[in-house]
Amino acid sequence: MKSSNIVLAVFGAIFRVVVAILAVMLIYRGAMACYNYGYRIFTEPAISSGEGRTVTVAVTESMSPSEIGKLFESKGLVRDARLFTLQYYLSEFKADVKPGVFELSTAMTAEEMMEAMTVTEEEESGEGTKDTTAESTEAAGNGAGDTEK
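Residues numbered from 1 in each chain as written. Predicted model: local features only at pLDDT ≥ 70, side-chain atom pairs only at ≥ 80, totals over all residues. Heavy atoms only, no water.

Section: the overall build of the chain
For clarity, the cut-off: By the criteria applied, helices consist of DSSP H or I runs no shorter than four residues and strands consist of E runs no shorter than two, each listed in order from the N terminus. Each residue is placed in one exposure class: buried if its accessible area under a 1.4 Å probe, protein chains only, is under 20% of its type's maximum, exposed if it is over 50%, and partly exposed if it falls in between. All accessible-area figures derive from a Shrake-Rupley calculation using a 1.4 Å probe, and residue coverage is judged against the displayed protein chains alone.
Per the secondary structure count, the chain includes six helices and two strands. Starting at the N terminus and ending at the C terminus, the chain contains elements arranged as α-β-α-α-β-α-α-α. For the chain, the proportion of its 149 residues judged to be buried stands at 28%. Entry remark: accessible area of the chain is about 10,200 Å², with carbon and sulfur atoms responsible for 60%.

Topic: the pairing of strand S1 (residues 54-59)
Let me state the cut-off plainly: By the convention used here, strands pair only if DSSP detects at least 2 bridges between them.
Burial along S1 is one-sided: Val-55, Val-57 and Val-59 are buried, while Thr-54, Thr-56 and Ala-58, pointing the other way, are not. Looking at chain direction, S1 and strand S2 (residues 100-105) are connected through six bridges and run antiparallel. For Val-57, the partnering residue across the bridge sits in S2 and is Phe-102.

A few points about empty space enclosed by the protein
To find leftover empty space, a probe the size of one water molecule is rolled over the atoms. The cut-off we apply is this: Points on a 1 Å grid over protein atoms alone make up a cavity when a 1.4 Å probe fits among them but cannot get out, and a pocket when they form an open set with protein on both sides within 12 Å along at least five of seven lines; lining residues each have an atom within 4 Å of a point. Grid points are joined across faces, edges and corners, and a volume is the space filled by probe spheres set on the points. Polarity classes work like this: nonpolar for Ala, Val, Leu, Ile, Met, Phe, Trp, Tyr, Cys and Pro, charged for Asp, Glu, Lys and Arg, and polar for all others, with Gly in that last group.
Counted under the stated rule, the structure contains two cavities of 30 Å³ or more. Roughly 100 Å³ of volume is contained in the largest cavity. For the largest cavity, the lining is made up of 15 residues, of which Glu-44, Pro-45, Val-78, Arg-79 and Ala-110 are closest to its centre. When contributions to the lining of the largest cavity are tallied by element, the ones reaching two or more residues are helix H3 (81-90) and helix H4 (110-116). Tallying contributions element by element places H3 first for the lining of the largest cavity, with three residues. Taken together, the residues of the lining of the largest cavity sort by class into 10 nonpolar, two polar and three charged.

A word on helix H2 (residues 65-75)
Put simply, the rule is: In this description, the arc belongs to the directions extending from the helix axis to the C-beta atoms. Every residue pair with non-hydrogen atoms within 4.5 Å of one another is taken to be in contact.
Among all positions of H2, only Pro-65, Ile-68, Gly-69, Leu-71 and Phe-72 are buried. Considered in projection along H2, the buried side chains sweep an arc of 160° and stay on one side of the axis. Facing away from the buried side of H2 by more than 90 degrees, the exposed set consists of Lys-70 and Ser-74. In this fold, the buried residues of H2 make contact with S1, H3, S2 and H4. Trailing H2 by a residue or two, Gly-76 shows a phi angle of about 85°, which is positive.

Observations concerning the packing of aromatic side chains
What counts is decided by this rule: For this analysis, a ring pair means two rings from Phe, Tyr or Trp (six-membered ring only for Trp) whose centres lie within 6.5 Å, classed as stacked if their planes differ by under 30 degrees, edge-to-face if by over 60, and tilted for the remaining angles.
The final tally for this structure, using the stated rule, is three aromatic pairs. Taken together, a centroid distance of 6.1 Å and an interplanar angle of 25° make the contact between Tyr-35 and Tyr-39 stacked. Of the two residues, Tyr-35 and Tyr-39 are both situated in helix H1 (residues 2-43); the distance of four residues between them amounts to about one turn of the helix. Seen in terms of ring centroids, Tyr-88 and Tyr-89 are 5.4 Å apart; in terms of plane orientation they differ by 75°. Their pairing is edge-to-face. Residue classification places Tyr-89 among the partly exposed positions, given a relative accessible area of 45%.

Written as structure tokens, this is what we have:
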């Protein structure tokens, strides 16, 4: 009887060690997945490098950020619609994004796309072709959107 109790105690200890190792591995993998996803929120590169492919998208006022992300994913502008939604909520442009028809490129990051969507149609038509990154920064620095025509 004593030998069977010893065998059961050994197997019980081995079982507990294996469960503890599996729990640590599971926690580690979960933490790494969360870290990698969080890292991508701020460092996700554009779909393509160079000039990329230009895509026309129409964003309506009734669209939620997740619907915009799904639209962009279906058009090949972003890799992950949920990631774009998180980037939108953490972006400095979230209050300024306006509905409209936009020419976006697969070479743009999500932040650049959101910045391009802050430009209204009147500003766009009044200034012709524009580099949204440089001129939007200048307009924000002047404190005025479209003062001269």
